[in-house]
There are 2 protein chains.
Amino acid sequence: MDPTMAAPKELDSRPMNDGDGANSYSQNSSYQRGVVEGAKSVIFETIPEKLNINLPKTFQIADFGCSTGPNTFLAMQNLIEAVMLKYNQSTQKTTTPEFHVFFNDHVDNDFNTLFKTLPSNRPYFAVGVPGSFHRQLFPQASLQIAHSSYALQWLSKVPPEVANKGSPAWNKGKIYCAGNEEEVTKAYFAQFKADTDAFLKARAQELVEGGLMVIQIPCVPNSEVLPSQIGAGLNSEFLGDSLADMVKMGVISEEKLDSFNLPLYLPCIEEVKMVIEMNKFFTIEKICTLSHPSNNNSTPLDIRRTCADVRAIKENLVKDHFGSENMDQLFDLLFQNYQKNQILFDKVARQDVYLFALLKRKGNI
Amino acid sequence: MDPTMAAPKELDSRPMNDGDGANSYSQNSSYQRGVVEGAKSVIFETIPEKLNINLPKTFQIADFGCSTGPNTFLAMQNLIEAVMLKYNQSTQKTTTPEFHVFFNDHVDNDFNTLFKTLPSNRPYFAVGVPGSFHRQLFPQASLQIAHSSYALQWLSKVPPEVANKGSPAWNKGKIYCAGNEEEVTKAYFAQFKADTDAFLKARAQELVEGGLMVIQIPCVPNSEVLPSQIGAGLNSEFLGDSLADMVKMGVISEEKLDSFNLPLYLPCIEEVKMVIEMNKFFTIEKICTLSHPSNNNSTPLDIRRTCADVRAIKENLVKDHFGSENMDQLFDLLFQNYQKNQILFDKVARQDVYLFALLKRKGNI
Ligand SMILES: Nc1ncnc2c1ncn2[C@@H]1O[C@H](CSCC[C@H](N)C(=O)O)[C@@H](O)[C@H]1O
Ligand SMILES: Nc1ncnc2c1ncn2[C@@H]1O[C@H](CSCC[C@H](N)C(=O)O)[C@@H](O)[C@H]1O
């Protein structure tokens, strides 16, 4: 029995907003939906080509960091369609597979909402898997495909140095890894490396030999660009500015703000490559950046929507640190900060890319 | 792809009380816990003897109708220990299995509470499976053991005739199948037969050949005893009396009460046998009644506890029909009815038995 199953308490989980109300993730995740939609064509191109395993009668797929839906349903649907292309090409014509789809997220994710909103005409058996994806969650060699969209940028914890005033990595004046302080970036990247490595080790246990892993995460377009120069970074930048506004207004203390940091890292493609290669269990079948579909759209970004998305994602994290009584004010200030910086934000966010990687589980040699 | 997966809306699901508050199932299910505890020894005797399959590296077990815990955790623990006895006897000594445990209940069961209270040192990978157990929930031949405790007495619906004033099966003056009206009993048993058959057909798809099925349900000790003469029946009887009290008090209308019936059937062992034999997919390896452990206990039954158990189980059903504003009053009246009938109830409930059945999936011939 794998000892990792004796799950440590997951202290650093701050789930997306639950339910399906006005501030919920399920109503406010259109940006992430764009990521899933944008990856569809590359998934249709690569999966049938790279899936070179004996096609099983039961095909098992897991989504790691699924939240409450609905994007995960679309992602799973796309994967199944791509896999069916393979089955239809196959000479083993008799096998019509049954799909078993496993939805994973932290134990405090709102699985009730996920389950209640499962598509009623889904062509698969659906299952929920609670627990951190940094450890093994499935028996050995039980999955054919693992998938994770917009989740691996979340770290298992804030690297302790960045909240420590005495440390050279102290993240003064920022609540995220903006990229302008080398020591801070180092500390954040070290955590990203350790977490992603743990993730890949766990998936390597769970995937069959030849099994595939799809990863999508926000990233900077290249190592010259700082996180603060992309939309995903600005979302954190403006949140920090809004908290700073609250310090000025005397609502929260400067110390409180100084001790707050987001467990979030926006890597560049080379960093992700390096972590995968270091890990050794996977070959990289494809790695690239994809442009977010909204970039092709000429209507101005809806900053109210962006603000609502950010709230659905980060409210639990900030609430935990600053108290729930301050949330409405904070997100009002955040909206004002988007308004003030609307032209900048629109220009920057329009160029946002995300990373797509397709990995294959090596044989054990 | 199995068409049954296009799940119909589960209209007749009324989950146990959610969360872990004062009225919750998780705090009020000690009676059902006794059932699980009481079956432990027969499980330890029968499972190692009857489990004659090639022992797989991943051993998959599902609990059907698990509710929010904690009894399901104990039940799964017992099964795993019993299976490990088999592995330890086996000559294939090298295989230490990994256990994958699937917790099933209706989609509106509170899985969040189930997940949050999973034992942290569990020797298995845990998964939640939403959906009615009257249809297939897993791929073909994917389970080694299926288990269901105190769930199969719940019908998918109240047989329509019993709520129909024009029908000979009209269940006048009762809210459950008390056993005193032949036509009513017939209608309820027909529904039980259809539901149990659907359950067994679905499990027959999911279990491997030679896979085992454990069933525990409340039952009458033999076909001479009426449901109204056992503890489980009296619980419904007193609930009906309390509703009748509310009619007298003018709180609810007589019509409202007349149109209410519990989707619940308490079979005798011969009826269960008949349904299993009719179904044909399983051999009966063992079927017997077991005495509830509390029967050996000489302290008087704690009727406050019984009343709380009943509330945790049936509140959603009554609330739906009579409105949530009447619940506190109803359960106060129920407690008074237990008080009035304490001596009778204590005597009767002390003799309660439940049915234990161990079935084996036949080969496809
Ligand atoms: N260590 C971890 N284990 C499991 N889930 C995690 C995790 N860290 C973050 N997550 C989850 O990852 C999700 C990111 S939001 C993205 C959700 C979904 N993939 C979509 O595209 O819409 C959150 O629900 C968060 O709880
Ligand atoms: N058709 C169905 N499909 C799935 N679960 C069902 C069901 N009908 C009833 N149930 C569930 O069966 C459970 C009965 S309560 C028993 C819970 C648990 N086995 C224990 O022993 O404590 C409830 O949670 C109820 O929601």
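Owing to the predicted nature of the structure, the values given are computational and were not obtained by experimental measurement.

Caption draft 1: Just the site of ligand 2, in detail. Residues and elements named next belong to chain B. In the vicinity of ligand 2 lie 18 residues, with Y25, G65, N71, D105 and S149 positioned nearest. Between ligand 2 and G65, the relevant distance is 2.8 Å, taken from a nitrogen atom to a main-chain nitrogen or oxygen of the residue. Between F133 and ligand 2, the recorded distance is 2.9 Å, taken from a backbone N or O atom to a nitrogen atom. In isolation ligand 2 offers 570 Å² of accessible surface; the protein chains occlude 97% of this area. Residue composition of the shell around ligand 2, by class: 7 nonpolar, 10 polar and 1 charged.

Caption draft 2: Geometry of the pairing of strand β7 (residues 353–361) of chain B. All names here are of chain B. Across the 9 residues of β7, 9 count as buried, placing the element largely inside the fold. Across 9 bridges, strand β6 (residues 282–291) lies against β7 in antiparallel orientation. In the strand pairing of β7, F282 is matched with R361.

Caption draft 3: Seen up close, the site of ligand 1. Residue and element names in this part refer to chain A. Taken together, 18 residues are adjacent to ligand 1, and Y25, G65, N71, D105 and S149 come closest. Here G65 contributes a backbone N or O atom positioned 2.8 Å from a nitrogen atom of ligand 1. A distance of 2.6 Å separates an oxygen atom of ligand 1 from a polar side-chain atom of D105. With the chains in place, 97% of the 580 Å² that ligand 1 exposes on its own is no longer accessible.

Caption draft 4: Broad picture of helix α9 (residues 327–340) of chain A. Residues and elements named next belong to chain A. With 14 residues, α9 should cover 20 Å at 1.5 Å per step; its first-to-last C-alpha distance of 20 Å lies within 8% of that length. Among the residues making up α9, those that are buried are M327, L330, F331, L333, L334, F335, N337 and Y338. On the buried face of α9, the contacting elements are α5 (231–248), α8 (303–322) and α10 (342–349).

Caption draft 5: Examining the confidence of the model for chain A more closely. Residue and element names in this part refer to chain A. Across chain A, the average pLDDT comes to 93, with 96% of residues at 70 or higher. Segment residues 1–11: pLDDT under 50, and 23 contacts once partners within four positions in sequence are set aside and those in other chains are kept. With pTM at 0.95, the complex prediction returns an ipTM value of 0.94.

Caption draft 6: How the structure looks around the interface of chain B and chain A. Contacts between the two partners involve 36 residues from chain B and, on the opposite side, 36 residues from chain A. Carbon and sulfur atoms make up 65% of the surface buried where chain B meets chain A, a total of about 3,000 Å² over both sides. Taken together, chain B and chain A are joined by 0 salt bridges. Applying the counting rule to chain B against chain A returns 8 residue pairs in polar contact (both at pLDDT 80 or more). For the side of chain B that touches chain A, the secondary structure elements donating two or more residues are β2 (98–105), α3 (111–116) and β3 (125–130) of chain B. A total of 6 residues in the side of chain B that touches chain A trace back to one element, the largest contributor, which is β3 of chain B.

Caption draft 7: Local environment of the side chain of N112 of chain A. Here N112 of chain A shows up in helix α3 (residues 111–116). When its relative accessible area of 12% is taken as the criterion, N112 of chain A is described as buried. Within the local environment of N112 of chain A, its side chain forms a polar contact with the backbone nitrogen of F111 of chain B, the two atoms lying 2.9 Å apart. When residues no more than four places from it in sequence are discounted, the contact partners of N112 of chain A are N109, D110, F111 and N112 of chain B.

Caption draft 8: Expanded view of helix α7 (residues 269–279) of chain B. Residues and elements named next belong to chain B. I269, E271, V272, V275, I276 and N279 are the residues of α7 that are buried. Taken end-on, α7 shows its buried residues confined to a sector of 165 degrees, consistent with a single buried face. Tucked inside the fold, the buried residues of α7 contact α4 (182–206), β5 (207–218), β6 and β7. Phi for K280, located one or two positions after α7, is positive at around 75 degrees.

Caption draft 9: Inspection of the nonpolar core at higher detail. If you look at the biggest cluster of nonpolar residues, it comprises 80 residues, and the most contacted ones within it are F64, F102 and I215 of chain A together with F64, F102 and I215 of chain B. Apart from residues no more than four positions distant in its own chain, I215 of chain B is found in contact with S148, L152, F199, L200, L355, F356, A357 and L359 of chain B. F59 of chain A together with L51, C66 and F111 of chain B belong to the second largest nonpolar core, which has 78 residues in total.

Caption draft 10: Quick peek at the relation of the copies chain B and chain A. The transformation that overlays chain B on chain A combines an axial shift of 0.0 Å with a rotation of 180 degrees, and the residual RMSD is 0.0 Å. These values place the two chain copies in the arrangement generated by a two-fold rotation axis. Residue G128 of chain B, judged by its C-alpha, is the member of chain B lying nearest the rotation axis, at 2.4 Å. An overlap of 100% is found between the interface residues of chain B and their copies at the interface of chain A, pointing to a shared contact surface.

Caption draft 11: Looking closely at the packing of helix α1 (residues 30–50) of chain B against helix α2 (residues 71–89) of chain B. Residues and elements named next belong to chain B. One can describe the packing of α1 onto α2 by two numbers: an axis separation of 9 Å at closest approach and a directional angle of 15 degrees. Judged on the interaxial angle alone, α2 and α1 are roughly parallel. Between α1 and α2 the crossing geometry is right-handed. Residues Q32, R33, V36, E37, K40, I43, F44, I47, P48 and E49 of α1 form the contact with α2, whose participating residues are N71, L74, A75, N78, L79, E81, A82, V83, L85, K86 and Q89.

Quick notes on the rules
Residues numbered from 1 in each chain as written. Chains lettered and ligands numbered in written order. Predicted model: local features only at pLDDT ≥ 70, side-chain atom pairs only at ≥ 80, totals over all residues. Heavy atoms only, no water. Near = heavy atom within 4 Å. Polar contact = N/O pair within 3.5 Å; in protein donor to acceptor, adjacent residues only side chain to side chain. Areas by Shrake-Rupley, 256 points an atom, 1.4 Å probe, with all protein chains shown as cover. Nonpolar A, V, L, I, M, F, W, Y, C, P; charged D, E, K, R; others polar. Buried < 20%, exposed > 50% of the residue type's maximum accessible area, 1.4 Å probe, protein only. Helix = DSSP H or I, 4+ residues; strand = E, 2+ residues; numbered from the N terminus. Pairing = 2+ DSSP bridges. Expected span 1.5 Å × (residues − 1). Contact = heavy atoms within 4.5 Å. pLDDT = per-residue confidence, 0-100. Buried area = accessible area lost by both parts, 1.4 Å probe. Salt bridge = Lys/Arg side-chain N within 4 Å of Asp/Glu carboxyl O. Arc of directions from axis to C-beta. Core = buried A, V, L, I, M, F, W, Y, C linked by side-chain atoms within 4.5 Å. Least-squares fit on C-alpha atoms with pLDDT ≥ 70 in both. Axes fitted to C-alpha atoms, helices over the stretch in contact; angles between N-to-C directions. Parallel < 35°, antiparallel > 145°, perpendicular 65-115°, else oblique. Left-handed = near helix turned anticlockwise from the far one by under 90°.

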